[in-house]
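A structural walkthrough
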Amino acid sequence: MKPGINDVLRRIKWMVIPYLLILCICLVIKLTFSREEIYFTVNGINSPFADFIAPYLTDLGNGWTAVAISAILLLFNYRKALLLASAYAVTSISAQIIKYIFDAPRPKLYFRDQLSRIHFVKGVEILSYHSFPSGHTITAFSTAVIFTYWSRNKAWGPLFLLVAILVGYSRMYLSEHFFEDVTAGSVIGVILTVIWLYWLDNKAFIQQPKWQHGLLN
């Protein structure tokens, strides 16, 4: 069955509804506190365990993770592999274009005169440029939308959302991005992916039975 835009939103509503509530809270935080206040509050809440787990959480939003999952899906379902891989391509290219348009400094460069105040996680390469928006966050929320879209049990939606949020938070914790980079990344990831699912999953070729199979079946 070809999904309409309303059908796509209906399928992911158990992720989107709590996401919209959280997004409203994020907007209130952004309007209430300054960039510096938010950054140093997040950066000041750290621990050895968080230092250990944050790099692994952030890798869930890495492009190679999306590519690896797409490769695995290729073994079982061509349609799903194409939807995930193409959504990653569209969102990541969009992210890079926006990054170069804004060319915003990352925390390390923005707070270069206050580096002694910043908690850095050892062993993590800290970048300096192209902060806005967070590409890892875009990928994480895009993947969360797609997995919720596929899931028969829509109660999985909040779990996929939680994982995406943790990826976004890890980008701030690791001093790779600001709060607004992550917030904007989540919006871009969700909106572009919903549009992409609606457009691509309505194509006649992808509805053919052979696209429901993979290399192993």
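This text gives an overview of the structure that appears in the document. (Residues numbered from 1 in each chain as written. Predicted model: local features only at pLDDT ≥ 70, side-chain atom pairs only at ≥ 80, totals over all residues. Heavy atoms only, no water.)

This paragraph deals with unusual backbone geometry. Pro 133 follows Phe 132 through a cis peptide bond whose omega is 0°. Phi angles above zero are rare outside glycine, and Asp 103 is one such case at about 45°. Considering the arrangement of structural elements, one finds Asp 103 in the loop between α6 (78-102) and α7 (107-110). You can call Asp 103 partly exposed: its relative accessible area is 43%. For Ser 175, which is not glycine, the phi torsion reads 65° and is therefore positive. Looking at the secondary structure, you find Ser 175 in the loop between α9 (156-173) and α10 (179-200). (Helix = DSSP H or I, 4+ residues; strand = E, 2+ residues; numbered from the N terminus. Buried < 20%, exposed > 50% of the residue type's maximum accessible area, 1.4 Å probe, protein only.)

Before going further, it helps to examine the packing of aromatic side chains. This structure, assessed with the given rule, holds 16 aromatic pairs. With a centroid separation of 5.9 Å and 65° between ring planes, the pair formed by Phe 111 and Phe 178 is classed as edge-to-face. You can see Phe 111 sitting in the loop between α7 and α8 (135-150) and its partner Phe 178 sitting in the loop between α9 and α10, a full 67 residues away along the chain. Each member of the pair, Phe 111 as well as Phe 178, carries the same accessibility label: buried. Within the aromatic cluster, the residues linked to one another by ring pairs are Tyr 39, Phe 40, Tyr 110, Phe 111 and Phe 178. Arg 35 extends its terminal NZ or CZ atom over the ring of Tyr 110, reaching a point 4.8 Å from the ring centre. The ring centre of Phe 178 lies 4.0 Å from the NZ or CZ of Arg 35, which sits over that ring. (Phe/Tyr/Trp six-rings, centres within 6.5 Å; stacked < 30°, edge-to-face > 60°. Lys NZ or Arg CZ within 6 Å of the ring centre and 35° of its normal.)

Another point: empty space enclosed by the protein. One pass over the full model with this rule turns up one cavity of 30 Å³ or more. In this model, the largest cavity occupies a volume close to 30 Å³. Ile 38, Tyr 39, Val 42, Met 172, His 177, Phe 178 and Phe 179 are the residues that line the largest cavity. For the lining of the largest cavity, the leading source of residues is helix α3 (residues 35-44), giving three residues. Broken down by class, the residue content of the lining of the largest cavity amounts to six nonpolar, one polar and no charged. (1 Å grid on protein atoms, 1.4 Å probe; cavity = no way out; pocket = protein on both sides within 12 Å on 5 of 7 lines; lining within 4 Å. Points joined across faces, edges and corners; volume = space filled by probe spheres on them. Nonpolar A, V, L, I, M, F, W, Y, C, P; charged D, E, K, R; others polar.)

Let us now look at the pattern of salt bridges. It is possible for side chains bearing opposite charge to pair when their charged atoms get close. All chains considered together, the criterion is met by seven salt bridges. Notably, a salt bridge pairs Asp 7 with Arg 10, separated by 2.3 Å at the nearest N-O pair. Here Arg 10 and Asp 7 lie together in helix α1 (residues 5-11), a separation of three residues that amounts to about one turn. The class for Arg 10 is partly exposed, based on a relative accessible area of 49%. In this structure, Arg 11 and Asp 7 form a salt bridge, with 3.0 Å as the shortest nitrogen-oxygen distance. Highlighted residues: Arg 11 and Asp 7, both in helix α1, separated by four residues, approximately one helical turn. (Salt bridge = Lys/Arg side-chain N within 4 Å of Asp/Glu carboxyl O.)

A few words now on the side chain of Glu 180. Within the element layout of this structure, Glu 180 appears in helix α10. Judged by its relative accessible area of 14%, Glu 180 falls in the buried class. In this view, Glu 180 contacts Lys 30, Arg 35 and Phe 132; residues no more than four positions away in its chain are not counted. (Contact = heavy atoms within 4.5 Å.)

Attention shifts here to the packing of helix α2 (residues 13-32) against α10. The angle between the axes and the distance between the axes are what describe a pair of packed helices. Closest axis-to-axis distance for the α2/α10 pair is 11 Å, and the angle between their directions is 150°. Taken together, the axes of α2 and α10 are roughly antiparallel relative to one another. You can see that α2 and α10 cross each other, and the crossing is left-handed. Residues Met 15, Tyr 19, Leu 23, Cys 26, Ile 29 and Lys 30 of α2 lie in contact with α10, whose contacting residues are Phe 179, Glu 180, Thr 183, Ser 186, Val 187 and Val 190. Residues of the contact of α2 with α10, tallied by class, amount to eight nonpolar, two polar and two charged. (Axes fitted to C-alpha atoms, helices over the stretch in contact; angles between N-to-C directions. Parallel < 35°, antiparallel > 145°, perpendicular 65-115°, else oblique. Left-handed = near helix turned anticlockwise from the far one by under 90°.)

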